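Architecture and fold: a report
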Amino acid sequence: MTVPPKPNKARQLLPKQCYYSSTWFEREHRELFSRSWTFACTAQDVLHVGDYKAVQINRYPMIVVRTRDGSLRAYHNTCRHRGTQIFEEGAGNCRHGIVCPYHAWTYNIDDGSLRGLPKKDLCFAGMNLADWPLHSGSVGTIGDLVFVNPMAQPDEDFDTWIGSMPRTHMWPHSLEGLSEKRPIRYDIHCNWKVFCENAMDGYHLSYLHDKTLMGPDVEDQDWDAVHRHWVSIGFGENPSRENSHYATIPGTAMSGRRPVVWQFFPNSGVLATSIFFSAYVIVPVGPERCYLELRTWMAPRPKDEKPKEEGRRSGTSGHGHIMKDGRRYISIDELGCHAMEALDFQIEDMWVVEQQQKALHSPMMKTGELADYGETSLTFFQANILDMVPLEAP
Ligand code: FES
Ligand SMILES: [Fe+2]
């Protein structure tokens, strides 16, 4: 594996089949997601001994657990008996053991070892418990954010993966001072890369989002490559946008005081401003389906700061959604208005990526020129995909 350099010219590298082919999608699971790092939860989610968070890490249901020595461990959330998912997605405490609900096989939180099972002598004579621990994954943290890799010994260890980014103080604030809003899951009918590329496309911000984000224009933004990750900053004057209070962005040479976005390769990201902090994962569900899992924390507003103009903010307005398991679920089909009338930049993005996906199947559709200012990020992202999932020789 060779991390590609930051490109000067923008160019479409992936053939369009990579955005809908089920064969390519399976290769991505095998060659990319089975060995990549993904945002799983926050340290606050698993603060006390036995606290766990059960999350879907791409195709792998996994558990992050706080062990007795205060460290974090990640296990695959599949029982070694008959494979049942042990915990439903969500949080809880399993201080007394990780117990499968099906036949009560019980695992230790500290190392995942199988501690016991009912009727062992009768049903499993001669069985050695030590042979049946939960499968382990790996854990790494940046500040309060916990990332998980499905491999026990990842090909790329966490320190290599985060590159020059420091493990702490990457954000303008600590999550401890912020209050979390209700998480949102956006159900999106597009390939996960179409969504990621849109998130890294700096060219569209002033046009698709002319009523919501209103920019910044391409000349008012910059990005840098940190290992395989894309880090973006907006600058320039626009009083309607939140700043990030950054003098210099940790781990990069960039400076600016506008919102900062990290897109952690391949499919996690963070958006940091002075007043809110979001962390998200784009979970691939099928070749043409993904969902965006978004968590947002709000900072207390400084006393001297004026309230924001209504309708200019992001992703958290109350448009057509259903509530389930403490989450809001949003899909374009449930909206009570056209997506472009929702005045919500996240819904505008969701609409446009679905429009892009629909056109992919037309024999006439072929990606044209990409913008050398604003879309080199797509070339970088695609070069990283190809480094992990190379095009097969013709
Ligand atoms: S499947 Fe878990 S105990 Fe049987
Ligand atoms: Fe957008």
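Definitions and cut-offs
Residues numbered from 1 in each chain as written. Chains lettered and ligands numbered in written order. Predicted model: local features only at pLDDT ≥ 70, side-chain atom pairs only at ≥ 80, totals over all residues. Heavy atoms only, no water. Helix = DSSP H or I, 4+ residues; strand = E, 2+ residues; numbered from the N terminus. Polar contact = N/O pair within 3.5 Å; in protein donor to acceptor, adjacent residues only side chain to side chain. Contact = heavy atoms within 4.5 Å. Expected span 1.5 Å × (residues − 1). Buried < 20%, exposed > 50% of the residue type's maximum accessible area, 1.4 Å probe, protein only. Donors = N, O, S within 2.8 Å, 3.2 Å for Na, K, Ca; no water. Tetrahedral: all angles 85-135°; square planar, octahedral: opposite > 155°, others 65-115°. Phe/Tyr/Trp six-rings, centres within 6.5 Å; stacked < 30°, edge-to-face > 60°. Lys NZ or Arg CZ within 6 Å of the ring centre and 35° of its normal. pLDDT = per-residue confidence, 0-100. Pairing = 2+ DSSP bridges.

1. Details of the side chain of Thr106
Note on placement: Thr106 falls in strand E7 (residues 106-107). At a separation of 3.1 Å, a polar atom in the side chain of Thr106 contacts the main-chain carbonyl oxygen of Ala104. Excluding anything up to four places from it in sequence, Thr106 contacts Gly97, Ile98, Val99, Ser113, Leu114, Arg115 and Gly116.

2. A word on helix H5 (residues 345-359)
With 15 residues, H5 extends 21 Å from end C-alpha to end C-alpha; this agrees with the ideal 21 Å at 1.5 Å per step. What H5 keeps buried is the set Phe345, Gln346, Ile347, Glu348, Asp349, Met350, Val353, Glu354 and Gln357. On its buried side, H5 packs onto strand E12 (184-188), helix H4 (192-200), strand E18 (289-298) and strand E20 (327-331). The backbone nitrogen of Gln346 has a side-chain oxygen 3.0 Å away, supplied by the residue at the start of H5, namely Asp344.

3. Thoughts on unusual backbone geometry
A cis amide bond links Gly215 to the next residue, Pro216, at an omega of 5°. Checked against the element boundaries, Pro216 lands in the loop between H4 and strand E13 (221-226). The residue after Phe265, namely Pro266, is reached through a cis peptide bond having omega 0°. The topology assignment puts Pro266 in the loop between strand E15 (260-264) and strand E16 (268-272). One non-glycine residue with positive phi stands out, namely Lys119, at about 55°. On the accessibility criterion, Lys119 (60% relative accessible area) is exposed. Even without being glycine, Leu343 reaches a positive phi, approximately 50°. Mapped onto the elements, Leu343 comes out in the loop between E20 and H5.

4. Notes on the coordination of the iron ion (ligand 2)
Each pair of donors in an ideal octahedron of six around a metal sits at 90 or 180 degrees, and each pair in an ideal tetrahedron of four sits at 109.5 degrees. Looking at the metal site, the iron ion (ligand 2) is ligated by His204 (NE2), His209 (NE2), Asp349 (OD) and Asp349 (OD), spaced 2.1 to 2.5 Å from it. Its four donor atoms give the iron ion (ligand 2) angles of 57 to 154° at the centre, a pattern that matches the irregular case. As a motif over one chain, the donors of the iron ion (ligand 2) read H-x4-H-x139-D. Residue His209 is located in the loop between H4 and E13, and its partner Asp349 is located in helix H5; the two are separated by 140 residues in the primary sequence. In this structure, His209 and Asp349 share a single accessibility class: buried.

5. Structural notes on the packing of aromatic side chains
If you walk through the whole model with that rule in mind, you get 16 aromatic pairs. Relative to Trp161, the ring of Trp37 lies with its centre 6.4 Å away and its plane at 35°, an arrangement referred to as tilted. Linking Trp37 in the loop between helix H1 (22-31) and strand E1 (38-42) with Trp161 in helix H3 (residues 158-162), this pair joins segments that are 124 residues apart in sequence. Residues Trp37 and Trp161 agree in their burial class; the two are buried. Grouping aromatic residues by their ring pairs yields a cluster made of Trp37, Phe39, Phe147, Phe158, Trp161 and Phe264. Positioned over the ring face of Trp223 is Lys6, at 4.7 Å from the centre of the ring. One residue, Arg185, lies across the ring of Tyr291, its end atom 4.0 Å from the ring centre.

6. Focus: the confidence of the model for the protein
On average, residues of the protein carry a pLDDT of 89, and 87% of them reach 70 or more. Every residue in residues 309-316 scores below 50 in pLDDT, and together they form 25 contacts with partners more than four places removed in sequence or on other chains.

7. Examining the pairing of E12
In terms of burial, E12 is a largely internal element, four of the five residues being buried. Here E12 pairs with E18 via five bridges, running antiparallel. Across the sheet, the residue bridging to Asp187 is Tyr291, located in E18. As paired elements, E12 and E20 share four bridges and run parallel to each other. Bridging from a neighbouring strand, Asp187 pairs with Ser331 of E20.

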